[in-house]
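Examination of the molecular architecture
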Amino acid sequence: MRVTTSMTNNATMNAGMTLTGNTLASFLNGDTSDTMAASLGNKHHAATDVFSKGKYEKLKESAERLEQYADALNATGSRSLFEEAKKSGDPTEVYEEVEKMISAYNDMLGRLRTDVSTMGRFYYESMKEVVADNKEALSSLGISMDKNGKLNLDKEKLKAADLSKVESVFGAEGTLSSRLNLIAGKVSDSAQANLKSASSQYNAAGNSVDTLIRSYDAKR
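As a starting point, this report considers the structure included with it. Predicted model only: the values in this text are computed from it and were never measured.

1. As for a negative patch on the surface
Residues Glu-84, Asp-90, Glu-93 and Glu-96 make up a contiguous surface patch of negative charge. Inspection of the secondary structure puts Asp-90 in the loop between helix H5 (81-88) and helix H6 (92-113). Judged by relative accessible area, which is 44%, Asp-90 ranks as partly exposed.

Here you go:
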């Protein structure tokens, strides 16, 4: 039994693919021309790249790291790293957490910078705005921002700064950590939603074509 163009039109439409019915029908009937390879390969993989699961997974992981470090620095009461440092006289953990947060910030900023979606650009600009609002205070701690919003850290200057000054910027007294924490949470939620959508679209496309091929094989 030969697969007809009308049979493939519905399957490709449901799969969200741009193949013509003639091309897919020819392939299923044994015509493995370069045209078919290009259609199934290049076009399908291009669509898959746009909705890449890996892209959203990495963005979500990056956002969760920033959220984690910002939350730790913004903690109060018995969870406060700054209070623990004052009691012990050892601020090492505070400095390490600041370094981790800056690294996580730069990683997430870099990923958002390559995101051309409206939401991606919004979060990218929002992150830069938060840092710009704290530019002078950060500079006094040895932290500078380049034209793209990336943060550069002078570790020695940070460690030489008074702990209370570091707390006023990164702790609950300031707004830097809390605002970045909020943005990171939104980015994580957005990435999760896009990841779910990408998975659904990928599965729908694969299932539609697989069903057609299995149906054809069963009738041969």
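2. Considerations on the nonpolar core
Of all hydrophobic cores here, the largest spans 41 residues; its most connected members are Met-101, Met-108, Val-166 and Phe-170. At the level of secondary structure, the elements contributing two or more residues to this core comprise helix H4 (53-74), H5, H6, helix H7 (118-133), helix H10 (163-170) and helix H11 (176-219). Among the elements that make up this core, the one with the highest residue count is H6 (10 residues). Contact partners of Phe-170, with chain neighbours within four places excluded, come to Leu-73, Asn-74, Phe-82, Val-98, Met-101, Leu-138, Leu-141, Ile-143, Leu-176 and Ser-177.

3. Let's talk about the packing of H6 against H7
Two elements in contact, H6 and H7, have axes separated by 8 Å at closest approach and are oriented at 145°. Judged by the twist between their axes, the crossing of H6 over H7 is left-handed. Here Tyr-105, Met-108, Leu-109, Leu-112 and Arg-113 of H6 come into contact with H7, specifically with Gly-120, Arg-121, Tyr-123, Tyr-124, Met-127, Lys-128 and Val-131.

The rules we used
- Residues numbered from 1 in each chain as written.
- Predicted model: local features only at pLDDT ≥ 70, side-chain atom pairs only at ≥ 80, totals over all residues.
- Heavy atoms only, no water.
- Patch = residues over 30% accessible without salt bridge, like charges linked within 9 Å, V, L, I, M, F, W, Y side chains within 5 Å.
- Areas by Shrake-Rupley, 256 points an atom, 1.4 Å probe, with all protein chains shown as cover.
- Salt bridge = Lys/Arg side-chain N within 4 Å of Asp/Glu carboxyl O.
- Lys, Arg positive; Asp, Glu negative; His and termini not counted.
- Charge placed at Lys NZ, Arg CZ, Asp CG, Glu CD.
- Helix = DSSP H or I, 4+ residues; strand = E, 2+ residues; numbered from the N terminus.
- Buried < 20%, exposed > 50% of the residue type's maximum accessible area, 1.4 Å probe, protein only.
- Core = buried A, V, L, I, M, F, W, Y, C linked by side-chain atoms within 4.5 Å.
- Contact = heavy atoms within 4.5 Å.
- Axes fitted to C-alpha atoms, helices over the stretch in contact; angles between N-to-C directions.
- Left-handed = near helix turned anticlockwise from the far one by under 90°.

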